[in-house]
Amino acid sequence: MEEKETIKRQPEGIIFVISGPSGSGKGTVMEILRELYPEAGLAVSATTRARRDYEEEGREYFFKTREQFEQLLADGEILEHTVYNGNYYGTLKSEADRILGSGKDMLLEIEVDGAGQIKRLFGDRAVSIMLIAPSGEEQARRLRGRGTDSEEVIAQRVARAYEEIRQASLYDYVTVNETDRARECAEGILSVIRAEHMRSRRMADYIHDYFPDDEL
């Protein structure tokens, strides 16, 4: 049986923001990452789009009406949000409070627009990671392979993907999700998580507690 990841966490959990354009394969990578690092909490987003047959409330999304979502926005209960294909998507403050309040790391799979909002809100406590396909051609091939969109819609999605990839320099890390190597990509993200927990500024409290000055 594969050993699950156990990471020496600091008192405050870290927010790992993972996003990428449509066709980057982030959904598959996130499933594997959750398997590799089950200790982390996954923040479930809210959306106003219609629920699909296989989806469950609170598992894929929290499904809201437009009026409910806009009321949550007005009440300051949405940490970040974006509009995609005419629907709202956003991160509930209650989800962040639930996960971070327990001291766990938080995995947050969100749109590129929202990643910048989280970074501005949480500063160094949030680490952003962008997933991209190996090339524009592969990005388009993956979208066509879904068999759900017209060529016109695929062209629009590819154009948006290019716009989002141009924002890669704003992220802390960028990783290429090579075709048929999603597990390798997830393991790379896990390496980032390990490294972030070893940053000296995050180890300062640990050193202070376990190597007090009065014992030197």
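Okay, so let's go over this structure. (Residues numbered from 1 in each chain as written. Predicted model: local features only at pLDDT ≥ 70, side-chain atom pairs only at ≥ 80, totals over all residues. Heavy atoms only, no water.)

### Structural notes on the packing of aromatic side chains
The way to describe two aromatic rings as a pair is by their centre distance and the angle between their planes. Within this structure, the stated rule accounts for four aromatic pairs. Aromatic side chains Tyr-61 and Tyr-89 sit 5.8 Å apart centroid to centroid with 65° between the ring planes, which places their arrangement in the edge-to-face category. Of the two residues, Tyr-61 sits in the loop between β3 (46-47) and β4 (62-63) while Tyr-89 sits in strand β6 (residues 87-92), which places them 28 residues apart along the sequence. For the pair Tyr-61 and Tyr-89, one class covers both residues: buried. (Phe/Tyr/Trp six-rings, centres within 6.5 Å; stacked < 30°, edge-to-face > 60°. Helix = DSSP H or I, 4+ residues; strand = E, 2+ residues; numbered from the N terminus. Buried < 20%, exposed > 50% of the residue type's maximum accessible area, 1.4 Å probe, protein only.)

### Details of a nonpolar patch on the surface
A cluster of nonpolar side chains, namely Ile-207, Tyr-210 and Phe-211, defines an oily patch on the protein surface of about 360 Å² accessible area. One can find Phe-211 in the segment after α8 (200-210). On the basis of relative accessible area, Phe-211 is assigned to the exposed category, the value being 53%. (Patch = residues over 30% accessible without salt bridge, like charges linked within 9 Å, V, L, I, M, F, W, Y side chains within 5 Å. Areas by Shrake-Rupley, 256 points an atom, 1.4 Å probe, with all protein chains shown as cover. Salt bridge = Lys/Arg side-chain N within 4 Å of Asp/Glu carboxyl O.)

### Describing the packing of helix α1 (residues 26-36) against helix α7 (residues 182-197)
Between α1 and α7, the least distance of the axes is 8 Å, while the angle of their chain directions is 55°. On the basis of the axis angle, α1 is oblique to α7. Crossing handedness for the pair α1 and α7: right-handed. Together, Thr-28, Val-29, Ile-32, Leu-33, Glu-35 and Leu-36 of α1 and Ala-182, Arg-183, Cys-185, Ala-186, Glu-187, Ile-189, Leu-190 and Ile-193 of α7 make up the contact between the two elements. For the contact of α1 with α7, a count of residues per class yields ten nonpolar, one polar and three charged. (Axes fitted to C-alpha atoms, helices over the stretch in contact; angles between N-to-C directions. Parallel < 35°, antiparallel > 145°, perpendicular 65-115°, else oblique. Left-handed = near helix turned anticlockwise from the far one by under 90°. Contact = heavy atoms within 4.5 Å. Nonpolar A, V, L, I, M, F, W, Y, C, P; charged D, E, K, R; others polar.)

### A short note on helix α3 (residues 93-100)
Among all positions of α3, only Glu-95, Ala-96, Ile-99 and Leu-100 are buried. The arc enclosing the buried residues of α3, seen along the axis, measures out at 110°, which places them on a common side. (Arc of directions from axis to C-beta.)

### Some remarks on the nonpolar core
Looking at soluble globular proteins, one finds that nonpolar side chains tend to be buried together. Of all hydrophobic cores here, the largest spans 21 residues; its most connected members are Leu-33, Ile-189 and Ile-193. At the level of elements, β1 (15-19), α1, β8 (126-132) and α7 are the ones that each hand at least two residues to this core. At seven residues, the largest contribution of residues to this core is made by α7. Once residues lying within four places of it in the same chain are set aside, the contact partners of Ile-189 are Ile-18, Val-29, Leu-33, Ile-129, Leu-131 and Thr-175. Residues Val-17, Ala-96, Met-106 and Ile-118 belong to the second largest nonpolar core, which totals 18 residues. (Core = buried A, V, L, I, M, F, W, Y, C linked by side-chain atoms within 4.5 Å.)

### A short note on the pattern of salt bridges
Within the structure shown, the criterion is met by 16 salt bridges. Glu-138 is the salt-bridge partner of Arg-142, the closest N and O atoms lying 3.0 Å from each other. Residue Arg-142 and its partner Glu-138 are both found in helix α5 (residues 136-145); the two are separated by four residues, about one turn of the helix. Judged by its relative accessible area of 11%, Glu-138 is buried. The closest approach of N and O atoms between Glu-184 and Arg-181, which form a salt bridge, is 2.7 Å. The class of Arg-181 is partly exposed, set by a relative accessible area of 40%.

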